[in-house]
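Report on the structure
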There are 2 protein chains.
Amino acid sequence: MNEERYHQTVQLFSLLSHPVRLRILDELRRGETCVCHLQEVLRRPQPYISQQLRVLREAGVIASRKQGLYVYYRLSDERMERMLEESLGPAGEAHSLPHCSCPCCRNDESLRL
Amino acid sequence: MNEERYHQTVQLFSLLSHPVRLRILDELRRGETCVCHLQEVLRRPQPYISQQLRVLREAGVIASRKQGLYVYYRLSDERMERMLEESLGPAGEAHSLPHCSCPCCRNDESLRL
DNA sequence: TCGGTATATGCATTTTCCTGCATATAGTCT
DNA sequence: AGACTATATGCAGGAAAATGCATATACCGA
């Protein structure tokens, strides 16, 4: 019985069938990213971003690394990565954000991640 | 702006993130199938199956062909087919159902579709 | 230890989806 | 035309998801 297989797959697709989560995942596949970065890109309040990150984290498709005040997120599921490639095409370039002052957006190259 | 691309993709994943619809799609990629067949495989009431078929039809991922009393459904979207392959692996064999008397399940080979 | 910043959590409300059921339509056969 | 079968549609109650907001936690520097 691959009842289980269907169930897993539905779970995976549920994560992807949400505009904000899909865009978060698309950002993450371009490289490790901190929360404030996503906040800037998606233009949504921080608690909202964190909520969606939690959903993704609990589902096991992303992982995080804490460094000082910042938390850096990345994809941690190959299947997810393949689905993103299949549906959205190859990953684009990471955005560099003028208004964001976190290490990963730092204009100052020397402090870049 | 590929805002539109994200939106389309979310729609596509929404269709797939539902246990019954996912299984219907998995059946359809094994070959053309009538409603009573799906009813048997999924063990759900007929109006319910038809509702889900409508969702898929209106989204444009399946097409139908009417022949007498029967309506035969099939996949009509390559992208969908690729996502199914990616997520569920290669399509299995079509089921032949002992209790179903529609042309596509007919035990009597001569009447087979 | 205190103030400030980055991120997380809890909760409540709105909205959207799921699903069951009654009924409608369309085609076939006599 | 009337009975029967396969499929479609409409609607409603309940469940679950989405989202906004208040607040909590964790870490840093002074």
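In what follows, the accompanying structure is described. (Residues numbered from 1 in each chain as written. Chains lettered and ligands numbered in written order. Predicted model: local features only at pLDDT ≥ 70, side-chain atom pairs only at ≥ 80, totals over all residues. Heavy atoms only, no water.)

Quick notes on the sheet that holds strand S3 (residues 70-75) of chain A
Residue and element names in this part refer to chain A. What counts here: Should DSSP find at least two bridges between two strands, the strands are taken to pair. Only DSSP runs of H or I reaching four residues or more are called helices, and only runs of E reaching two or more are called strands; each is numbered from the N terminus. For this analysis, residues touch if any pair of their heavy atoms sits within 4.5 Å. To get an axis, fit a line to the C-alpha atoms, keeping to the stretch in contact for a helix; angles then go from 0 to 180 degrees between the N-to-C directions.
Taken together, three strands build an open sheet; the order of strands is S1-S3-S2 and the sheet is antiparallel. Taken across any chain shown, the strands that pair with only one partner, and hence form the sheet edges, are strand S1 (33-34) and strand S2 (62-67). Here six bridges tie S2 to S3, and the two strands are oriented antiparallel to one another. For Arg65, the partnering residue across the bridge sits in S3 and is Tyr72. Strands in contact with helix H2 (residues 19-28) are S1, S2 and S3; relative to S3, the strand with the most contacts, it is inclined by about 90°.

Describing the interface of chain A and chain B
A common measure of how large an interface is: the accessible area buried when the components associate. Stated formally: Two parts placed together each lose some accessible area under a 1.4 Å probe, and adding up what both lose gives the buried area. Criterion for a salt bridge: a side-chain nitrogen of Lys or Arg within 4 Å of a carboxyl oxygen of Asp or Glu. Distance and chemistry together define a polar contact, namely a pair of N or O atoms within 3.5 Å, with one atom able to donate a hydrogen and the other to accept it when in protein, and with adjacent residues in sequence counting only for side-chain atoms on both sides.
With 22 residues of chain A in contact, the opposing surface of chain B contributes 22 residues. In this assembly, chain A packs against chain B so that about 2,100 Å² is buried in total across both faces, 63% of it on carbon and sulfur atoms. Area buried by chain A at its contact with chain B is led by A:Tyr6, A:Phe13 and A:Glu86, which between them contribute 31% of it. The tally of links between chain A and chain B comes to four salt bridges. Here A:Arg82 and B:Glu86 are joined by a salt bridge, their closest N and O atoms 2.6 Å apart. The tally of links from chain A across to chain B stands at eight residue pairs in polar contact (both at pLDDT 80 or more).

As for the protein's contact with DNA strand D
Definition in use: Any residue with at least one heavy atom within 4 Å of a molecule or strand is counted as near it.
Near DNA strand D, the surroundings consist of 21 residues, among which A:Tyr48, A:Gln51, B:Gln46, B:Gln51 and B:Tyr73 are the closest. Those atoms of DNA strand D that come within 4 Å of the protein belong to sugar or phosphate at a rate of 62%. Within the contact set of DNA strand D, a phosphate oxygen lies 3.0 Å away from a backbone nitrogen or oxygen of B:Cys36. The contact in question runs from a phosphate oxygen of DNA strand D to an N or O atom on the backbone of B:Val71, over 3.4 Å. For the surface near DNA strand D, the secondary-structure elements that each account for two or more residues are helix H4 (46-58) of chain A together with helix H3 (35-42), helix H4 (46-58) and strand S3 (70-75) of chain B.

Quick look at the sheet that holds strand S1 (residues 33-34) of chain B
Residue and element names in this part refer to chain B. Strand order in the open sheet made by the three strands is S1-S3-S2, with antiparallel pairing throughout. Two strands close off the open sheet at either side, each with one partner strand: S1 and strand S2 (62-67). Across the sheet, H4 touches S2 and S3, and the angle it forms with S2 is around 120°.

Remember that the coordinates give geometry; whether it matters functionally is a separate question.
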